[in-house]
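Descriptive structure summary
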Amino acid sequence: MSLLVLLPELVVAAAATGLFLAVRLRVPRPWLRLGAFLAALAALGLELWLGAAVGDLPGSVWRQDRFALFAKAALLLALVGLVAAAEDGVDLEEPWGRLGLPLAFVVVLGGMVAASATTLVALWIGLQAASLGAVAAAGLTTRDARSRLLPVVGVAAGLTAVGFGGLGVMARSVWLSGMQSGLPATSASLPLAVVVLIGLAGIAVPLGLVPFHRLTVEGSLGAAPVGAGCLGGLLVGGTVVVASRLLAALNAVAATWTPWLAILAVATLVMAGLSVVAARSPRAVVSWLGVGQAGWVVAGLATHDLRGSAAALFLLGGVAVAWASAPALVGTVEMSRDLARLRSSQPGRALGLGLVLLALAGVPPLAGFYGEIAVATELIRSGMVWVLAAGLLGWVLSLVGLGGSLHAAYLQSGPRPAERRGRGPAPRAWVHGGLLVGALLLAYGLFALPIHDLAVQGATALGLP
Amino acid sequence: MIGVLLQATPSPSPTPTPLGANVIGFSFLLSLMVWGPAVVALITALVPEPRGVRRLPWGLAFWTTLGVLALAMAGYSQFQSFTTGLQFEERMPWMPRLGVSYHLGVDGISMALLVLNGLVFLCAILASWEVRERGRQYFSLLLFAEAAANGVLAAQDSFLLIFFWTAGILPVALLVAGWAGARGPAAAARLLAFWGTGAATLLVAVLLLYDAAGASSFDLGTLAKPAASVTVQVLVGIALTVTAATRLPLVPAHGWIRDAAAEAPAGVAILIAGAVSRLGGYLLVRLLAGAEPSGARALAPYLGALAALTAVYGVVAALSTRDLRRLAAYLALVPGAVTVLGVAGLTPLSLDGTVMLLFGGGLAAALVVGAAITLAERAQARELGVAAGLAGRAPKLAWLLLTGCLAVLGMPFLATFPGAVMVFLGSFRTQVWAASLVAAGVVLGGMAVARLMHRVAFGAPNPDAPPPGDSSLAESWCLGVLVGALLWVGLVPSGPKLFGNPIFLDQGLVNIVNSPTADLAAPYAPPTPPSPKPSPSPSPSASPAAPSPSPSP
């Protein structure tokens, strides 16, 4: 297998470094954005072109399979969405805020490492790189945020280290393929279940699952917009990649982790729905809608078979794009009713945000809907009716909560665009990256045939039955 | 009239191709009807209103809806009656690994309801002439709702069905939230909760069927084969009943209708009462009665009870309220109750009547709600005591309201009459108590209508109230179209004919819905008695009971 397959990762790493330097050299803001957007687009194009080649690098430390292709493409697409949406975000106004963009590339790089990982160590490194990048991006604005988020991510790293270490010891192998053979169905036991539980708890933190949602929800509430996007779509996407690889390796002993995952999914789905109804700020609505989608993804993984995992991956693609870009589109708007001002001055951005919110709530014809139905189909096929019931309850609650937010944002009379002295009202900014994100989320459903096909191939590559 | 009704009972006899058939050939007629309004809605939402061009969003919405109605009429006129298969079919793979395809098609039932949608949405647009505030949002949401409602009727893949069913929820809720005054947001939240629950139960029902059918295809043709066990069929039936109950609505899932239909502007209330809520009945006919015969049989008594409860509750609430708009909203429950009684009856006649009533009931509910709202707006009052004796000042509106009320009760010469008679004739045999109670509800409804008309229209006018004006041109047209359709179908349910040939491109609603309903009702048809075998003529000696020939005197 050619080393060329690493080119997308190289582009992402180079872009992160280049953007760091560009921030340091005080490159003008528009160039910074343009460079980031082009780099993300180039990496995505290269991944789709070169990533189709399947194989292992010498020594089997790096695997490029259909799963890696799908996961990396989803993460890069989310990065494209985030960069496009961050176009007019306030992050870029401040010196520290500009570091959000290079750090987003670091988060994606971590996820890409995990997507091609063949060992527990590589999985752990990828996850931690993504987590640290996201926390750094989210905590850049205030010291308070840094001091709150770093301990959480530290505990999560510790839990995953203990869990992964324990699994390696019990399987007598750090290779994921070795775990599949080292942990046959007969080895399912209470100690193994405890070790898996610890590892899953560590994964649940960056995944934002209830009751481990502090990092994802509370962290993103006080974070800079791009940072919140990193904590949301990008980090959650990377963590789902880690979870998919790990759980596929543990599929023979699924009895040890399926109940935990199902319980976490149920708690997340119901709590997220209730919280969306109670949320008053658009950032909170976005966070909880995203957490609800994470619940659906985890529910799909809990079915521990090919079709369920494929559905979860299919959903992940849309969720990652929507959740990564939503905070940047919300910007610094505090209350839903204040979005009316956004509608009046930047209709393009407001429209993009509306589409993103609808996608996160699972409303057709946007991406989230297709994924949710795919997961729901697999849940009923697997007999996990109670998880489905929780999912549907959460979905209905999300719909009710979102209805209130949309009404406040889009149907209440907003102020007219500011009058400029002697020249009439200020021009409305129709062109915005949010429109691109909205178009991506619409296209995701329309082109569901190849995307879902690739997700199925990805799940097949994980070796699931 | 009775002769017409008897003719309307399922009799799949071939007829000559109607005039106009195959004149216009569309291979994508249904896609155009579904996606056309959606695309125009998007354009309406995005394109800023140019200065100096007034009512551009209204104009876009009006011409789009008129175009959709024209397409529906074209499809209706060239529809091949007395055939049971799908027509205007479109199919392409979408997510083949999940068994999802983009499959649209209509049979006679869907075709009739597409025409209903076209009529009702056109009236909703006409009734929205006065909407000036945030017009772009209003009309784009209205067009999105139309696209979704048409999609539900055209969908032949259950994934698409859920897609359109769900897609129609938010636009209607936002219309209620944004334009229903101070109570709008709360009413919309209730509507979202009920309709969202209905969508969730619909998803459950479809997934149960999908799983029972081997988890390989979402196509309704596959899922509609009653292959599932009785338990699954009953579970599916319960889920579908919940879905339908939230839409029609049926008591106790009616919590949203009072505020949504009574607080919303006339256009929104008309589309809710006339088109969107009828989809609940359509779902029961299509997926419960049509696809799950065992489940339908098991649930029939409960459906009958729900129908009776709804009819009696609606009428009692209408009798007890003093609010004109709410009274109309309660009266609009009655056609839905009779529709469900027809499904509960589970006889070919009652099911045929149900489909007829879905059409006529939609028109009647839209008319009564629209006329009451317009009258209340003209009188600037909703209290029955305050808005009184309006017939003198607003005669057109008073007569339109009266026509709507009579249509709700199923009076002769109106489109609801054939359906209601068929439902009652068909279901009295199988659901005696439910049919009796619904009939009692309809009779009580007559009292409510008499009270309403006495107070509001023909009683003594209120000297303290401001003098009301009559309906505007747009309102007259809007409500007049509904009255015209009610009369047309009521007078010539099997289509106008000249020397036995259909004219005006109308083959007749009865003929359109006849064959698919007969097909759908086949499992419930009474078993034909075995024909007596021709026995050899008995010989006098072999039959001792036979009287011996007496010698002639």
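In case you missed it, the structure is sitting above this.
Not measured: the values here are computed from a predicted model.

Scanning chain A from N- to C-terminus turns up 19 helices and four strands. Expected size for 465 residues packed as a compact globule is a radius of gyration near 23 Å; at 21 Å, chain A falls within 12% of this value. Seen through its C-alpha atoms, chain A measures out along the principal axes to roughly 80 × 50 × 45 Å. By the burial criterion, 64% of the 465 residues in chain A qualify as buried. For chain A, the proportion of contacts with a sequence separation of at least 24, taken over those separated by at least 6, is 80%.

The next subject is the pairing of strand 2 (residues 100–106) of chain B. Residues and elements named next belong to chain B. For strand 2, the tally of buried residues reaches five of seven residues, placing the bulk of the element in the interior. The pairing of strand 1 (residues 87–95) with strand 2 spans six bridges and is antiparallel. In the strand pairing of strand 2, M92 is matched with Y102. Connecting strand 1 to the antiparallel partner strand 2 that follows it, the hairpin turn spans four residues, and G99 within it adopts a positive phi of roughly 85°.

Residue and element names in this part refer to chain A. Its location among the elements puts A294 in helix 12 (residues 282–302). A residue is classified by how many C-beta atoms lie within 10 Å of it, and A294, with 31 of them, is buried. Between the C-alpha atoms of A294 and L316, which are 22 residues apart in sequence, the distance is 8.0 Å. For A294, the residues in contact, after removing those within four places along its chain, are L207, G208, L209, V236 and T268.

This next bit is on helix 7 (residues 169–179) of chain B. Burial within helix 7 of chain B is extensive, with eleven of its eleven residues counted as buried. Along helix 7 of chain B, the residues classified as buried are I169, L170, P171, V172, A173, L174, L175, V176, A177, G178 and W179 of chain B. Along its buried surface, helix 7 of chain B packs onto helix 17 (385–411) of chain A together with helix 5 (135–154), helix 6 (158–167), helix 8 (184–212), helix 11 (257–263) and helix 12 (266–276) of chain B. Looking one or two places after helix 7 of chain B, you find G181 of chain B, whose phi comes out positive at around 75°.

Turning next to the packing of helix 16 (residues 333–345) of chain B against helix 20 (residues 432–458) of chain B. To characterise two packed helices, one gives the angle between the axes of the helices and the distance between these axes. Residues and elements named next belong to chain B. The contact between helix 16 and helix 20 brings their axes to 10 Å, and the two run at 165°. The angle between the axes of helix 16 and helix 20 places the two elements in the roughly antiparallel class. Taken as a pair, helix 16 and helix 20 cross one another with a handedness that is left-handed. Across from V334, A337, V338, L341 and A344 in helix 16, the residues of helix 20 making contact are A434, A435, V438, G441, V442 and G445. Looking at side-chain class alone, the contact of helix 16 with helix 20 contains nine nonpolar, two polar and no charged residues.

Conventions we followed
- Residues numbered from 1 in each chain as written.
- Chains lettered and ligands numbered in written order.
- Predicted model: local features only at pLDDT ≥ 70, side-chain atom pairs only at ≥ 80, totals over all residues.
- Helix = DSSP H or I, 4+ residues; strand = E, 2+ residues; numbered from the N terminus.
- Rg over C-alpha atoms; globule rule 2.2 N^0.38 Å.
- Buried ≥ 20, exposed ≤ 12 C-beta atoms within 10 Å, placed from the backbone.
- Contact = placed C-beta atoms within 7 Å.
- Pairing = 2+ DSSP bridges.
- Axes fitted to C-alpha atoms, helices over the stretch in contact; angles between N-to-C directions.
- Parallel < 35°, antiparallel > 145°, perpendicular 65-115°, else oblique.
- Left-handed = near helix turned anticlockwise from the far one by under 90°.
- Nonpolar A, V, L, I, M, F, W, Y, C, P; charged D, E, K, R; others polar.

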